[in-house]
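The primary structure of each chain is shown beneath.
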Amino acid sequence: MIKMLIVDDEVTTRKGLMEYISWGEIGVDAVYDAEDGQKGLELASAIHPDIVLTDVRMPRMNGIELAQRLKDMLPLCKVVFLSGYSDKEYLLSAINLQAVNYIEKPVDLEEVRRVIQKTVALCIEDRQRLDQTRENLCLDIIRHKDAPDKIRSRLRKMHINLPVEAPVTCIVFKLNPASDNDPPISTLLKGTLFEALEKRISSISSRYLYALKERNLIVLLTFENILKDMTGLMEMLEALKEDIAAAIPNQKGTSVGIGKCVSLDNAMTSYQTAFLAVQKEFFMGYGHIHIHRDNPDAEYDLGSVNLQAFTSYIQEGSENSAVFFIKSTANELKHHSNTLINNIRNLFFTILNRLSELAEDRGIQLKDSDNSEFFWEVISRLSTIDEIEAYVLEKLGLYFRICAEKESQNAIVFNIKNYIRSHYGDMDLSIKTLSQHTFLTPNYLCLLFKKETGKTLNQYITEVRIEKAKELLRNRQVKLYAVSTSVGFSDANYFAKIFKKLEGINPSEYREKFS
């Protein structure tokens with residue numbers, strides 16, 4: 001947000017500039033005015049303008065003195081002088097004060113627009129350069145890259161002056177995108193997030209730095225003991241979480257970790273404890289605020305999990321008992337948040353492998369890949385116990401559904417369905433190929449399938465293909481023209497006609513509605 005202050009004792013000039021230039025079009029978001037240098041200085045101390053457009057000759061405090069005071073108070077503020085006097089004395093003063101420009105009266109509005117537009121660009125460049133410097137310093141502090149004296153020196157250049165025993169408290173914000181395929185945070189979005197952070201943190205601290213770390217962590221360092229006012233801190237964090245949700249509406253929720261309050265030379269410890277705290281989202285789910293505790297929960301004894309009992313439930317066909325086993329294990333783990341996360345992942349990986357082995361004994365395939373590490377790859381991408389539990393229950397439910405289906409269907413029909421689901425993308429799939437696969441005559445095959453399912457073979461083939469097409473349509477990375485051939489249709493127009501007949505809408509409308 002670019003703020004500008006106009007200082008001029010001539011009301012006509014001041015109000016004319018305020019009213020007759022569309023400041024928003026040239027990048028100025030807010031414009032303020034003052035009638036002389038003294039009032040301009042007072043207003044500047046409150047609003048911290050990025051640009052000051054000031055007359056030179058004014059009562060009480062002239063523009064040159066105002067610029068000198070602003071240089072000390074707001075070093076990055078850009079000053080543009082405005083005057084009807086073009087004598088050398090004022091021009092030299094403007095040069096010495098590193099004024100951005102000097103506009104002579106009477107004012108030419110187009111010249112003002114042009115000069116301020118260039119000045120806005122300079123402000124943005126300076127801000128980006130300063131933001132990057134501040135970010136680098138923030139990250140260097142938590143990495144313990146420099147000695148405390150050097151850190152203090154670098155902080156002073158950022159106009160952050162620390163007392164001798166300055167405390168440091170680190171807070172980590174973990175952004176959770178809706179998908180692993182979401183792009184990294186853009187420069188524009190980063191600026192929006194940092195503006196929100198700046199607005200909120202200033203209510204509880206006057207000395208702070210922040211930085212984006214990796215693709216989804218925001219690190220905030222405050223050089224004060226903000227833990228003394230936990231009520232104010234929690235209110236600020238909740239408000240900031242709402243700001244982030246507004247900026248990134250499709251994310252799963254922002255988790256927050258608050259570290260220990262330490263001395264400057266132990267800043268790395270504050271970051272490490274904040275990072276450990278935010279990892280508690282694995283146990284509690286997304287969107288919570290976690291505070292580091294020196295007395296952590298006890299670890300869960302993973303050796304007490306009775307995997308043999310789970311195996312027995314599967315072999316006995318007791319779905320309710322198997323589901324209860326998974327849910328109670330997950331719930332127990334949530335109450336032992338000091339348990340190593342990778343050990344928990346490994347436990348559920350073992351459970352899934354056991355289930356998969358028992359399924360394969362019955363001719364049931366639960367993996368979506370032949371890769372022996374498939375389940376581990378899935379589990380390692382899931383970020384919470386709730387997500388892992390849901391995935392395991394999904395596979396468990398699939399197993400029992402297929403078992404029920406196998407028991408209720410003729411073995412030949414089950415074989416036919418499996419073949420169709422495995423070869424739906426083959427354009428040559430037909431009653432003839434199914435007859436050859438089962439070594440049965442086409443007439444007998446059709447009668448048997450119709451009797452057991454109530455559907456014709458061609459109906460079932462079409463339904464499977466359309467269901468698979470719907471899955472592909474929900475993935476925007478798959479082009480529309482590729483969907484029909486992927487599910488066994490050689491004619492895209494015929495595919496669209498069949499799709500609309502079964503679903504009531506055409507493929508492109510389905511994609512818009514459900515992807």
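What counts, and where the lines are drawn
- Residues numbered from 1 in each chain as written.
- Predicted model: local features only at pLDDT ≥ 70, side-chain atom pairs only at ≥ 80, totals over all residues.
- Heavy atoms only, no water.
- Disulfide = S-S within 2.5 Å.
- Buried < 20%, exposed > 50% of the residue type's maximum accessible area, 1.4 Å probe, protein only.
- Pairing = 2+ DSSP bridges.
- Helix = DSSP H or I, 4+ residues; strand = E, 2+ residues; numbered from the N terminus.
- Axes fitted to C-alpha atoms, helices over the stretch in contact; angles between N-to-C directions.
- Contact = heavy atoms within 4.5 Å.
- Core = buried A, V, L, I, M, F, W, Y, C linked by side-chain atoms within 4.5 Å.
- Phe/Tyr/Trp six-rings, centres within 6.5 Å; stacked < 30°, edge-to-face > 60°.
- Lys NZ or Arg CZ within 6 Å of the ring centre and 35° of its normal.

A. Just the state of the cysteines, in detail. Within the structure shown, the criterion is met by zero disulfides. Cys138 provides the cysteine sulfur closest to Cys170, a residue in no disulfide bond, and the two sulfurs are 7.0 Å apart. By relative accessible area, Cys170 is classed as buried at 0%.

B. Just the sheet that holds strand β3 (residues 51-55), in detail. Overall, parallel pairing links the five strands, which are arranged β2-β1-β3-β4-β5 in an open sheet. Because the sheet does not close on itself, it has two edges, and the strands there are β2 (30-34) and β5 (101-104). Averaged over all adjacent pairs, the angle separating strand axes in this sheet is 20°, with direction ignored. Direction of pairing for strand β1 (residues 3-7) relative to β2: parallel, over a ladder of five bridges. Note on β2: the bridge partner recorded for Ile6 is Asp33. With respect to the sheet, helix α2 (residues 37-47) is in contact with β1 and β2, its orientation differing from that of β1 by roughly 170°.

C. Highlighting the nonpolar core. With 38 residues, the main nonpolar core has Phe310, Ile314, Ile326, Phe348, Ile351, Leu396 and Tyr399 as its most contacted residues. Those elements that provide at least two residues to this core are α10 (281-284), α11 (307-316), α12 (319-334), α13 (341-361), α14 (374-381) and α15 (385-408). If sequence neighbours within four positions are ignored, Phe310 has contacts with Ala322, Phe325, Ile326, Ile351, Leu355 and Leu396. Counting 26 residues, the second largest nonpolar core, distinct from the first, contains Ile141, Val172, Leu209 and Phe223.

D. Expanded view of the packing of aromatic side chains. Tallying each qualifying case throughout the model produces 15 aromatic pairs. Pairing Phe310 with Phe325 gives two aromatic rings, centres 5.3 Å apart and planes at 35°, and the pair type is tilted. Taken as a pair, Phe310 in helix α11 and Phe325 in helix α12 lie far apart in primary sequence, 15 residues in all. Grouped by ring-pair contacts, the aromatic residues Phe489, Tyr494, Phe495, Phe499, Tyr510 and Phe514 constitute a single cluster. Positioned above the aromatic ring of Tyr210 is the side chain of Arg134, whose terminal nitrogen or guanidinium carbon lies 5.9 Å from the ring centre.

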